[in-house]
Amino acid sequence: MDKISVFCPATIANISCGFDVLGLALDTVGDIMTVQKTKEPGIRIAPIKEQDLPTDPEKNVAGVAGLALMKSLDYKGGFHIEIQKRIKAGSGIGSSAASAAGAVWAINELLGRPYTPLELVPFAMEGERLASGAPHADNVAPALLGGFTLVRSYAPLDIIRITSPRELVATVVHPQIEVKTSDSRKILKTTFPLQDGIKQWGNLGGLVAGLYTQDYELIGRCLVDHIIEPIRAILIPGFDAVKSEALGAGALGCGISGSGPSIFALSKGRKTAENVGRAMSKVYDSTGIAFDLHVSEINPRGVKPL
Ligand code: HSE
């Protein structure tokens, strides 16, 4: 095999109480990438039609991640990468992670799978380092592994995959403004009151327990962010109204997707998730802010061949 096309899923990072450590993969939103082996060494990236993104492999997240993988194997050949970019950059649903994860997953396949998907995470994190200055893994890990992932530790990297409860469905509303992850990280405080930490790690532990035991009520009680959301919410017009509509329509919980501006909700069952989507949309319909709406099951396997 010298060519492969893959679906690279969008992801929701943080999931309210798990800043930089928790993420999940979406099933119906993602990019398409086609990667082909070439004799010419290095990586070449075809012009990206949908968005103004760099094609210089050293400046493109897919290029940087792919080059890191090739370097680790001392691979002397090359790859041509074509990206159909469906996830908007700066949307908060893991646009850079999808490209980085897709590139390393596809290259790994074409090289006969020298690495497991888990072992590919550090290479994909190099893409995140380029995109935001912070090599966070909470988008690339679920993009590569599917389901929910918990980064138990960054040094050494220790990632735990958690299977999603069957009926959990995500709703994502993306108001059409761009928030750069690097900018929305800069406004965060580096210290917080111990009392907020106690609440936050209680919720994170509870959320993980709720996922394992498929306890939807418990999941809902834990989808609260005492530390990051109060600061970042100011970057997202209508955030409080959208959240209150989502909860009113039956969502288990609602918060900022990654670094925003997308807002996510989790619900039990597709019907509720669709109602929640309608309720969230109402806010932007009435204020005239353009938005995209996605309703998606949790993707169980991450990047997959087409
Ligand atoms: N954990 C990262 C952040 C995710 O919130 O900055 C960015 O998508």
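None of the values given here were measured: they were computed from a predicted structure.

### A short note on the packing of helix α9 (residues 239-248) against helix α10 (residues 270-287)
At step 1: Interhelical geometry of α9 versus α10 gives an angle of 155° and a closest axis separation of 8 Å. Considering their axes alone, α9 and α10 lie roughly antiparallel with respect to each other. Where α9 crosses over α10, the handedness of that crossing is right-handed. Between α9 and α10, the residues in contact are A241, V242, E245 and A246 and V276, A279, M280, K282, V283 and Y284, respectively.

### With respect to the nonpolar core
At step 1: Counting 70 residues, the largest nonpolar core has I15, L144, F148, L207 and L266 as the members making the most contacts within it.
At step 2: When residues in this core are grouped by element, the largest group, 10 residues, is from helix α2 (residues 95-110).
At step 3: The residues contacting F148, other than those within four sequence positions of it, are I15, G23, L24, I160, R161, I162, S164, L168, L211, L266 and I298.
At step 4: Membership of the second largest hydrophobic core comes to 15 residues, among which are A251, C254, I256 and Y284.

### Re the site of the ligand
At step 1: Around the ligand, the neighbouring residues are A13, N14, F19, D20, H136, D138, N139, T181, R185, R232, G258 and S259.
At step 2: Separating a nitrogen atom of the ligand from a side-chain N or O atom of D138 is a distance of 2.7 Å.
At step 3: Here an oxygen atom of the ligand sits 2.7 Å away from a polar atom, N or O, in the side chain of R185.
At step 4: Starting from 260 Å² of accessible surface for the ligand in isolation, the protein chains cover 98%.
At step 5: Structurally, the ligand is housed in the largest pocket.
At step 6: Grouping the amino acids of the shell around the ligand by side-chain chemistry returns 2 nonpolar, 6 polar and 4 charged.

### Observations concerning the packing of aromatic side chains
Aromatic ring pairs are reported here in terms of the distance separating the ring centres and the angle at which the planes meet.
At step 1: Counted under the stated rule, the structure contains 3 aromatic pairs.
At step 2: Ring plane angle 35° and centroid distance 6.1 Å describe the contact between Y284 and F291, whose orientation is recorded as tilted.
At step 3: Accessibility expressed as a relative area gives 1% for Y284, which makes it buried.
At step 4: Note on F291: relative accessible area 22%, which makes it partly exposed.

### Some points on empty space enclosed by the protein
With a probe scaled to a water molecule rolled over the atoms, the places where space remains empty come into view.
At step 1: Throughout the structure, instances matching the rule amount to 1 cavity of 30 Å³ or more.
At step 2: Taken as a whole, the largest cavity spans an internal volume of roughly 50 Å³.
At step 3: Lining the largest cavity, in full, are N14, S16, D225, I228, E229, R232, G255, I256 and G258.
At step 4: Elements that contribute at least two residues to the lining of the largest cavity include exactly α8 (229-232) and β8 (253-256).

### Topic: the domain arrangement of the protein
At step 1: Each assigned domain of the protein is listed with its residue range as follows: domain 1 (3-163) and domain 2 (168-297).
At step 2: A C-alpha centroid distance of 24 Å is found between domain 1 and domain 2.
At step 3: When the buried area of domain 1 at its contact with domain 2 is split by residue, S16, C17 and F19 rank highest and sum to 23% of it.
At step 4: Seen at the junction of domain 1 and domain 2, the total is 2 salt bridges.
At step 5: With a shortest N-O distance of 2.7 Å, D20 and R185 are connected by a salt bridge.

Rules used in this analysis
- Residues take numbers from 1 onward in each chain, read along the sequence in its written order.
- This being a predicted model, a pLDDT of at least 70 is required before a residue's local features are given, and a value of 80 or more before pairs of side-chain atoms are given or counted; all residues contribute to the totals for chains, interfaces and linings.
- Side-chain measures here rest on the full set of heavy atoms in the structure, leaving out hydrogens and waters.
- Only the stretch in contact is used when a helix axis is fitted, and all axes are lines through C-alpha atoms; the angle between N-to-C directions ranges over 0 to 180 degrees.
- Counting from the N terminus, the helices are DSSP H or I runs at least four residues long and the strands are E runs at least two residues long.
- With respect to orientation, any angle under 35 degrees is reported as roughly parallel, any angle over 145 as roughly antiparallel, any angle of 65 to 115 as roughly perpendicular, and every other angle as oblique.
- What makes a crossing left-handed is the near helix being turned counterclockwise from the far one by less than a right angle; a clockwise turn instead makes it right-handed.
- Contacts were defined at the residue level, with two residues in contact if any of their heavy atoms lie within 4.5 Å.
- Among the buried residues, those of types Ala, Val, Leu, Ile, Met, Phe, Trp, Tyr and Cys that are joined through side-chain atoms within 4.5 Å form a nonpolar core.
- Three exposure classes are used, based on accessible area relative to the maximum for each residue type with a 1.4 Å probe and protein chains only: buried under 20%, partly exposed in between, and exposed over 50%.
- The cutoff for a nearby residue is simple: one of its non-hydrogen atoms must lie within 4 Å of the molecule or strand.
- In the analysis that follows, any N or O atom pair within 3.5 Å is treated as a polar contact, provided that within protein one partner can donate a hydrogen and the other can accept it, and provided that, for residues neighboring in sequence, both atoms belong to side chains.
- Note on areas: Shrake-Rupley, 1.4 Å probe, and residue coverage restricted to the protein chains presented here.
- Grid points spaced at 1 Å over the protein atoms alone were grouped into cavities, where a 1.4 Å probe fits but cannot get out, and pockets, open sets with protein on both sides within 12 Å along at least five of seven lines, with lining residues defined by an atom within 4 Å of a point.
- Whether a molecule sits in a cavity or pocket is decided by its atoms, more than half of which must lie within 2 Å of the grid points.
- Following the grouping adopted for this structure description, the nonpolar residues are Ala, Val, Leu, Ile, Met, Phe, Trp, Tyr, Cys and Pro, the charged ones are Asp, Glu, Lys and Arg, and the polar ones are all others, Gly among them.
- Note on aromatic pairs: the rings of Phe, Tyr and Trp (six-membered ring only in Trp) are paired at centre separations within 6.5 Å, and the planes decide the class, stacked below 30 degrees, edge-to-face beyond 60, tilted for the rest.
- Grid points are joined across faces, edges and corners, and a volume is the space filled by probe spheres set on the points.
- Marked domain ranges trace back to an automatic or database domain assignment.
- Summed over both partners, the accessible surface that disappears when two parts come together, traced with a 1.4 Å probe, is what is meant by buried area.
- Any Lys or Arg side-chain nitrogen located within 4 Å of an Asp or Glu carboxyl oxygen qualifies as a salt bridge.

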